[in-house]
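Chain residues, written in single-letter form:
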Amino acid sequence: MPLQESPDPAEPAWAQSASADFLIFYSSRDERGQLWCPDCVAVERLVQETFGSPDGPSGAIVYVGQRAEWKTPSNPFRAEPWNVSSIPTVIRTRDGAQLVLEHASPEELAAFVREARPN
């Protein structure tokens, strides 16, 4: 299924209404269209390969804002129901389980995705 993308920055209501198996929380893009977070840049290809294929799991990228917006404790994505403390993070919508991608290998992401698929 194609990878969905939120408006940049995303509104919490968009993330709550996204119909995807996984939400991928990323930094917003700067004026040049680049992600400001180097960890997000580092996993962008892996995310595209995992969630962008027609037979892959459904995913939606949620842009959390520019650096100053993200760093504030009042950023809405740091609160319930997401409780994202680091980006990039993937949340499995079925159960709310989180995987922080900056610390995850491609194999760990694959296992995390497999856990969501029906047997």
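Fair warning: this is a prediction, and the values are worked out from it, not measured in the lab. (Residues numbered from 1 in each chain as written. Predicted model: local features only at pLDDT ≥ 70, side-chain atom pairs only at ≥ 80, totals over all residues. Heavy atoms only, no water.)

J.: Talk me through the packing of aromatic side chains; I want residue IDs and the actual numbers.
T.: Per the counting criterion, the structure on display carries 5 aromatic pairs. Judged by centre distance (6.0 Å) and plane angle (55°), the rings of F22 and F112 are tilted. Here F112 lies in helix α4 (residues 106–114) and F22 lies in strand β2 (residues 22–26), a separation of 90 residues in the sequence. Taken individually, F22 and F112 each receive the classification buried, so the pair is uniform in this respect. Members of the aromatic cluster, joined through ring pairs, are F22, F51 and F112. Seen from the ring of W70, R78 lies directly overhead, with NZ or CZ sitting 3.9 Å from the centre. Here the basic side chain of R92 rests over the ring of F112, its NZ or CZ set 4.4 Å away from the ring centre. (Phe/Tyr/Trp six-rings, centres within 6.5 Å; stacked < 30°, edge-to-face > 60°. Helix = DSSP H or I, 4+ residues; strand = E, 2+ residues; numbered from the N terminus. Buried < 20%, exposed > 50% of the residue type's maximum accessible area, 1.4 Å probe, protein only. Lys NZ or Arg CZ within 6 Å of the ring centre and 35° of its normal.)

J.: Lay out the pattern of salt bridges with the relevant residues and their values.
T.: Overall, the coordinates contain 7 salt bridges when judged by the stated rule. Across the pair E31 and R32 runs a salt bridge whose closest N-O atoms are separated by 3.9 Å. Its relative accessible area of 73% is what places E31 among the exposed residues. Look at R32 and you get exposed, because its relative accessible area is 61%. For the salt bridge of R45 with E49, the shortest nitrogen-to-oxygen distance reads 2.9 Å. Taken together, the residues R45 and E49, both in helix α2 (residues 38–51) and 4 residues apart, mark about one turn of the helix. You can call R45 exposed: its relative accessible area is 63%. Each member of the salt-bridge network shares a partner with another, and the members are R92, R94, D95 and E115. (Salt bridge = Lys/Arg side-chain N within 4 Å of Asp/Glu carboxyl O.)

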